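Structural features, examined
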Amino acid sequence: MTGNTQRENNLIRAYIIISATLLVLIKTVQIMHAGRVINVCMFTAIAVNTAVTAYFYLRCGRTIEDRNSNLIAYGLFATFVADLFATLFARGFNSTPYIIGISCFCVVEIIYAAYLRAGRATVILRVAVIAAVLIILRAAGMFKTGIALGLINIILVMANVLDAWVIRRFDAPMLFRIGIALFCACDLSIAIRTVTSGGIHQAAAFVVWIFYVPAQLLITLAYVSCCSNKRD
């Protein structure tokens, strides 16, 4: 058991170092305007998250006391699929891969809502706000699938932040709570980047992955913590 624990500790240390290195590489490539290379670097960061999650899920997923914690892993696996399309394959907000990717991100937030045991009030809030936004988009003649799904995703993640930090029907680990807040900051940065230009656009574009990589790192570490603390 000691050997396994030491190996896992070394894995986590390596994971944190690799994630930090990839974030620096992503920002460096972004500054250099290296085109599609940056998308590969971004997706690599998510692939590393997924590999670490899969390792702990396969070792501990069937034995942890609170199976609800496995929903974090399912959300991270869905994030991998989302980024596969939205980051690696997408060629713009209206491309089919992007539509698939952002749809998967909505699924991610639904999984996290289930993990947080969202109550009736916030579920109704989600539905009501989404319905209102879609009606407004339609009435304004601005309805496009990519935009609609992006707004739905933001609504879902903001509701998850509300559930994680304010309502707290379920006492999620602090790592997860910080991670979901950073996830929300990432999505809001994407929204600002989409609707602005000039300096604000550039600033929003620059911080997207500064929020996103730590968000996924912390959510992954939250799952690792659940696995470590709740083994039979």
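Let me sum up the structure you'll find in this document.

1. Remarks on the packing of aromatic side chains
- Enumeration according to the criterion identifies 12 aromatic pairs in this entry.
- Centre to centre, the rings of F85 and F89 are 5.9 Å apart; their planes meet at 80°, and the pair counts as edge-to-face. Taken together, the residues span about one helical turn, with F85 and F89 both in helix α3 (residues 70-89) at a distance of 4 residues.
- Among the aromatic side chains, those forming a connected cluster through ring pairs are F105, F183, W209 and Y212.
- Note that K27 overlies the ring of F206, its terminal NZ or CZ placed 4.2 Å from the centroid.

2. Thoughts on the layout of surface pockets
- The computed volume of the largest pocket comes to approximately 1,200 Å³.
- Together, 44 residues line the largest pocket, and F93, I190, R193, T194 and V208 are the ones closest to its centre.
- Only α1 (2-31), α2 (37-60), α3, α4 (96-115), α6 (145-167), α7 (174-195) and α8 (198-229) provide two or more residues apiece to the lining of the largest pocket.
- Element by element, the count of residues in the lining of the largest pocket is highest for α7, at 9 residues.
- Within the lining of the largest pocket, the residues separate by chemical class into 27 nonpolar, 12 polar and 5 charged.

3. Side note on the side chain of E109
- Within the secondary structure layout, E109 lies in helix α4.
- At 7.3 Å, R126 is the nearest oppositely charged side chain to E109, a buried residue that forms no salt bridge.
- Discounting chain neighbours no more than four positions away, the residues touching E109 are N153, L156, V157, N160, I180 and F183.

4. Some details on the pattern of salt bridges
- For the coordinates displayed, the defined rule picks out 3 salt bridges.
- Linking R59 and E8 is a salt bridge whose minimum nitrogen-to-oxygen distance equals 2.8 Å. Note that R59 is positioned in helix α2 and E8 in helix α1, a separation of 51 residues in sequence.
- Here R59 falls in the partly exposed class, since its relative accessible area comes to 33%.
- With relative accessibility at 5%, the residue E8 sits in the buried group.

5. Some points on the environment of I210
- Mapped onto the elements, I210 comes out in helix α8.
- A relative accessible area of 32% means that I210 is categorised as partly exposed.
- Ignoring sequence-local partners within four residues, the contact set of I210 consists of L23 and K27.

6. Thoughts on the packing of α3 against α8
- The geometry of α3 relative to α8 is characterised by a closest axis approach of 9 Å and an angle of 150° between their N-to-C directions. Overall, the two elements α3 and α8 adopt an arrangement that is roughly antiparallel. Considering how the two elements wind past one another, α3 and α8 form a crossing that is left-handed. Facing N70, I72, A73, L76, T79, D83 and T87 of α3, the residues of α8 in contact are W209, Y212, Q216, I219, T220, Y223 and C226.
- Tallied by class, the residues present in the contact of α3 with α8 amount to 8 nonpolar, 5 polar and 1 charged.

7. Quick look at the environment of R59
- Separated by 56 residues in the primary sequence, R59 and Y115 have C-alpha atoms spaced 20 Å apart.
- A polar contact of 2.8 Å, which involves the side chain of R59, links it to the side chain of E8.

8. As for the state of the cysteines
- Under the defined criterion, the tally for this structure stands at 0 disulfides.
- Of the cysteine sulfurs around C60, a residue in no disulfide, the closest is that of C227, at 4.3 Å.
- With relative accessibility at 1%, the residue C60 sits in the buried group.
- For C106, which is in no disulfide, the shortest distance to another cysteine sulfur is to C104 and amounts to 9.1 Å.
- Looking at C106, the relative accessible area reads 7%, which means it is buried.

About the cut-offs
- Residues numbered from 1 in each chain as written.
- Predicted model: local features only at pLDDT ≥ 70, side-chain atom pairs only at ≥ 80, totals over all residues.
- Heavy atoms only, no water.
- Phe/Tyr/Trp six-rings, centres within 6.5 Å; stacked < 30°, edge-to-face > 60°.
- Helix = DSSP H or I, 4+ residues; strand = E, 2+ residues; numbered from the N terminus.
- Lys NZ or Arg CZ within 6 Å of the ring centre and 35° of its normal.
- 1 Å grid on protein atoms, 1.4 Å probe; cavity = no way out; pocket = protein on both sides within 12 Å on 5 of 7 lines; lining within 4 Å.
- Points joined across faces, edges and corners; volume = space filled by probe spheres on them.
- Nonpolar A, V, L, I, M, F, W, Y, C, P; charged D, E, K, R; others polar.
- Buried < 20%, exposed > 50% of the residue type's maximum accessible area, 1.4 Å probe, protein only.
- Lys, Arg positive; Asp, Glu negative; His and termini not counted.
- Salt bridge = Lys/Arg side-chain N within 4 Å of Asp/Glu carboxyl O.
- Contact = heavy atoms within 4.5 Å.
- Axes fitted to C-alpha atoms, helices over the stretch in contact; angles between N-to-C directions.
- Parallel < 35°, antiparallel > 145°, perpendicular 65-115°, else oblique.
- Left-handed = near helix turned anticlockwise from the far one by under 90°.
- Polar contact = N/O pair within 3.5 Å; in protein donor to acceptor, adjacent residues only side chain to side chain.
- Disulfide = S-S within 2.5 Å.

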